[in-house]
Structure formats: C-alpha cells, structure tokens
Amino acid sequence: MPAIAADTEGPIQTAEVTPEATPEVTPEATPEATPETTPEATPEATPEPTPEPSAPDDGLIEVVPAMPAITWPRCEGDKYIPPTLSAPPNSEGIEYLFEGYWYTNPFLVPIDLEVSASLKEGYTWAAEMPDGWLLFAEYPDSAEYEVKFEDVPCAPHNDPVVPELPVVTQAECVDGELTEPTVTLPEAGDGITYRLADHVSDPESTHDVVATLSWSYFWAKEEKFPEGWTWSDVDVAWYDVKLDEVTCEPGAGQPRPSGAEPEQLAATGPSDAAVLGGAALLTVAAGVSLIIARRRVTGR
C-alpha cells in the first residue's frame, strides 16, 4: 500500500511545474527587441540633404543666346567674296561681343573667329544651349561661339611682311648754326606704305614713322621686326625716332674733313718763315676752337 501512494503523488507534482516555466519566458523577450531599433533610424536620415542643390538658382531667369549673323566666303569666278560675321544685338539678359577690329577687314581666309556672350545680373543659362554655343566651367556666366572660315581657291595669299627702317639724320652744329634733323621714309612696297607723324605730346624731340598694311597683307611675328619697329595693330606698326639733343653757339661748328686744311695751306704756297709761323698759329687757334665746340655739342 505505501508503494501505491508514492506513485500517485509523483505525477501530480510534475504536471504543475512544467507548464508554468515555459510560456512566461518565451513571449515576453521576442516581440519587444525587434520593433524598437528598426523603424526609428531609417526615415530620419534620408530626406534632409535632398533640397540643397537647387537653392543657388532660386529667382534666376533662364535664357539662351541668339545665333550670330554669318555669311561664308565664296568665289564668283576669280573674284574673292570675303566672309562676314556680326554678333547678335544685346538683349535684356545677355550682352554680346565680337572684337572684329583685331583682324584684317574684310576677313582673309582661313581664319577662326569667336563671338562671346555674357549673362547680366539675375539671369542664368538654360539647361539646353543652341548648337555651336559652348559653356566653360571656369567662366559660368560666359558662353562662346566659334566660327571657322575655311580657305577658298580665289582668296589672296601673301607671305608675312616686315617694315623697312627709315634713315634718320641727326641735327648738327655747322658754322655756328644748328641744322634740322631729317627722317627719310622707306619706299612703299610689299603692301606697306609709310608716313611721318609728329608725336603730339612732344613734337620737338620725337617723330614717329607709321607703316600701314594694304588689305590682303599681314605682319610677320614681331620678333622678326627690325629694331625700333613695334606692332601696334592688325595693319599698323610704329617706329619711334629718337632725336639727339644738340646745342650750338655762335662761332661753333663741325670740323672740316681730315686733311682739308693742309691741302689748302699747300695750295697757298707760303714763301717765308713769317707766313709759315702765322699759319701755324692760326692752325693751333682753330684746333682750340674746335675742341670747345665739340664739348658744347651733346648727344653725339
């Protein structure tokens, strides 16, 4: 009998302990850890940097540049018809520039020309530009249109030219009088004509020689110019004539050519010692006067 009672009480105690421990631990730990970390971090990091790139263009008006007016070079028989190029008129948002004065006009081909466009305040370039207009990252407010004029068979072709040197004669003191300086111009040729232009600011000490090219001729590189010539324009060069400052006082004068006075003395035929002695004194006096006159002449 006692053995039966022990078997009855054992299963009752085992059934009460097992169901209570298992359901309490499992449902509480699993659902609470998952939803707290995932939904809060994702929506807050993504939307903040998106609106910033479009902010600098707010309030600017988009514009596109107009097309330049172009006519292309051609031949009518043997006659050369040069090309033309002009910039569009300025608009409310764009200013145009074509520096055509830097080139021989009418234009000689082949030649590359550029028209530039600049934005005015409050405007920006449109996303799509007309064909031919180029934008540059380093100059965001500017655009450029390049035109390439190709060669045609009837176009004139001349080798590059350089100006000739003028001949400058400085002022001199002759018999106590100051001579005028002179500038002799080179002869016209190779498409170049020359003229003498007084320097307005100081006409007494500087005279400029101006060389002008005929159309269809062009200058060589300036390093090939003769010394004194300066390239100043597409068809103009200048030569700066430096004149010496010369003073002259009464009685002063330039010496006669070497050997002239001895020949004159010989021609006079002096016959006695007195005449020879007087001639010697005159020669010494003339030499002293010559030395004084030379010292008074400057810039030679």
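Preceding this paragraph is the structure being described.
Residues numbered from 1 in each chain as written. Predicted model: local features only at pLDDT ≥ 70, side-chain atom pairs only at ≥ 80, totals over all residues. Heavy atoms only, no water.

Chemist: Would you take a moment to explain the overall build of the protein chain for this structure?
Modeler: When you go through the protein chain residue by residue, the secondary structure sums to three helices and 18 strands. Looking at the 300 residues of the protein chain, the share that counts as buried comes to 24%. Contacts in the protein chain between residues at least 24 apart in sequence constitute 61% of all its contacts with a sequence separation of at least 6. When the accessible surface of the protein chain is summed, it comes to about 21,100 Å², and 56% of that surface belongs to carbon and sulfur atoms. (Helix = DSSP H or I, 4+ residues; strand = E, 2+ residues; numbered from the N terminus. Buried < 20%, exposed > 50% of the residue type's maximum accessible area, 1.4 Å probe, protein only. Contact = heavy atoms within 4.5 Å. Areas by Shrake-Rupley, 256 points an atom, 1.4 Å probe, with all protein chains shown as cover.)

Chemist: Got a minute to help me understand the side chain of S216 in this structure?
Modeler: Tracing the backbone shows S216 in the loop between β16 (206-213) and β17 (229-231). If we skip the residues at most four places from it in the chain, S216 touches T104, L108, P156 and N158.

Chemist: Teacher, can you tell me more about the sheet that holds strand β10 (residues 139-149) here?
Modeler: Either a parallel or an antiparallel arrangement is found when strands of a sheet pair, and the pairing is made through backbone hydrogen bonds. Strand order in the open sheet formed by four strands is β6-β7-β10-β9, with antiparallel pairing between adjacent strands. Two strands bound the open sheet, and with one partner strand each, they are β6 (94-97) and β9 (133-136). Each neighbouring strand pair of the sheet contributes to a mean axis angle of 30°, computed without reference to strand direction. Note that β9 and β10 share four bridges and pair antiparallel. By the bridge assignment for β10, W133 is matched with Y145. (Pairing = 2+ DSSP bridges. Axes fitted to C-alpha atoms, helices over the stretch in contact; angles between N-to-C directions.)

Chemist: How should the packing of aromatic side chains be read in this particular structure?
Modeler: Tallying each qualifying case throughout the model produces nine aromatic pairs. Taking the centre distance of 5.6 Å and the plane angle of 45° together, the rings of Y101 and W102 count as tilted. Judged by relative accessible area, which is 53%, Y101 ranks as exposed. Among the aromatic residues, ring-to-ring pairing joins Y96, W133 and Y145 into one connected group. (Phe/Tyr/Trp six-rings, centres within 6.5 Å; stacked < 30°, edge-to-face > 60°.)

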